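Chains, contacts and geometry: an overview
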Amino acid sequence: MAEPGTRAAEAAADRGWRLRHLPVLLAAVAVVAAVAAVAGGVWRGADGALGAAAGVAVTAASYTLTTVVLAWADARDPQLVLPLGLGLYVAKMTALGGVMVLVASTGWPGLIPFCVGVAAGVVVWTGVHIWWLATVHARRQAR
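Residues numbered from 1 in each chain as written. Predicted model: local features only at pLDDT ≥ 70, side-chain atom pairs only at ≥ 80, totals over all residues. Heavy atoms only, no water.

Our focus in this paragraph is the overall build of the protein. Secondary structure summary: the protein contains four helices and zero strands in total. Reading the secondary structure of the protein in the N-to-C direction produces α-α-α-α. The buried share among the 143 residues of the protein stands at 27%. For the protein, the proportion of contacts with a sequence separation of at least 24, taken over those separated by at least 6, is 68%. For the protein, the accessible surface area stands at approximately 8700 Å², while carbon and sulfur atoms represent 73% of it. (Helix = DSSP H or I, 4+ residues; strand = E, 2+ residues; numbered from the N terminus. Buried < 20%, exposed > 50% of the residue type's maximum accessible area, 1.4 Å probe, protein only. Contact = heavy atoms within 4.5 Å. Areas by Shrake-Rupley, 256 points an atom, 1.4 Å probe, with all protein chains shown as cover.)

Shown next as structure tokens:
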């Protein structure tokens, strides 16, 4: 078992570890946003293209915000991670639900492609994150 403070000392020596995966994830969702825009455009025209790309973008913005806030919290005091993470989750889901209810009330034809874009963004972000942890991060930990 590691000595107390070992993790903190290692983390202090490598300050970038909390956000190192972010560029790879953002690049992956940028590609998905472009593909989603094309697919949404074919499916529902300009509104579909905008909706699908916006759905992926909202997912990427949400996950990026969470990553940055939790990295900041963990760097300050690991006990902040749970309360900040839960509070941020509640705030994001409330805001997203409110926006979707408002948009749904307008009858905008891009709403369904938006929802599909959100789902695609979640699947790709999660999949690439798992890949990154299982390959790139695992290799760094093995050294």
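Having seen the model, we can carry on.
Another point: the nonpolar core. Residues Leu22, Leu25, Ala28, Val29, Val32, Ala33, Ala36, Ala52, Val56, Ala60, Trp125 and Val128 constitute the largest nonpolar core, which totals twelve residues. When residues in this core are grouped by element, the largest group, ten residues, is from helix H2 (residues 22–76). With near-sequence residues (within four places) excluded, Ala36 lies in contact with Ala52, Ala53 and Val56. (Core = buried A, V, L, I, M, F, W, Y, C linked by side-chain atoms within 4.5 Å.)

Now for the packing of H2 against helix H3 (residues 81–106). The N-to-C vectors of H2 and H3 enclose an angle of 160°; their axes lie 9 Å apart at closest approach. As far as their axial angle goes, H3 and H2 are roughly antiparallel. When you trace H2 past H3, the crossing you get is right-handed. On H3, the residues touching Val58, Ser62, Leu65, Thr66, Val69, Leu70, Trp72, Ala73 and Asp74 of H2 are Val81, Leu84, Gly85, Leu88, Lys92 and Leu96. (Axes fitted to C-alpha atoms, helices over the stretch in contact; angles between N-to-C directions. Parallel < 35°, antiparallel > 145°, perpendicular 65-115°, else oblique. Left-handed = near helix turned anticlockwise from the far one by under 90°.)

On to the packing of aromatic side chains. Taken as a whole and judged by the stated rule, the model has one aromatic pair. We note Arg44 situated over the ring of Trp43; from NZ or CZ to the ring centre the distance is 4.9 Å. (Phe/Tyr/Trp six-rings, centres within 6.5 Å; stacked < 30°, edge-to-face > 60°. Lys NZ or Arg CZ within 6 Å of the ring centre and 35° of its normal.)

What follows concerns the pattern of salt bridges. Scanning the entire structure with this criterion turns up one salt bridge. Asp74 is the salt-bridge partner of Arg18, the closest N and O atoms lying 3.1 Å from each other. On the criterion of sequence distance, the pair formed by Arg18 in the loop between helix H1 (6–13) and H2 and Asp74 in helix H2 is long-range, its members being 56 residues apart. For Asp74, a relative accessible area of 12% gives the class buried. (Salt bridge = Lys/Arg side-chain N within 4 Å of Asp/Glu carboxyl O.)

This part takes up a nonpolar patch on the surface. A grouping of Trp43, Ile112 and Val116 is seen on the molecular surface, where their side chains present a nonpolar patch of about 290 Å² in accessible area. On the secondary structure map, Trp43 appears in helix H2. (Patch = residues over 30% accessible without salt bridge, like charges linked within 9 Å, V, L, I, M, F, W, Y side chains within 5 Å.)

Right, let's get into the environment of Ala61. Its location among the elements puts Ala61 in helix H2. Residues Ala61 and Leu26, 35 residues apart in the sequence, show an inter-C-alpha distance of 9.3 Å.

Before going further, it helps to spend a moment on H3. Between the first and last C-alpha of H3 there are 37 Å, a value that for 26 residues agrees with the 38 Å anticipated at 1.5 Å per step. With its phi angle positive at about 80°, Gly107 sits one or two positions after the end of H3. (Expected span 1.5 Å × (residues − 1).)

Here we come to H2. Side chains that are three or four residues apart share a direction in an α-helix, a result of its 3.6 residues per turn. Relative to the 81 Å expected for 55 residues at 1.5 Å per residue, H2 spans just 19 Å between its end C-alpha atoms, considerably shorter than the ideal helical length. Along its length, H2 shows its largest kink, about 150°, at Arg44. (Bend = angle between axes of the 7 residues up to and from the residue.)

Topologically, Thr67 is positioned in helix H2. A distance of 2.8 Å separates the side chain of Thr67 from the backbone oxygen of Tyr63, its partner in a polar contact. The contacts of Thr67, once residues within four sequence positions are left out, are Arg18, Leu19, His21, Leu22 and Trp125. (Polar contact = N/O pair within 3.5 Å; in protein donor to acceptor, adjacent residues only side chain to side chain.)

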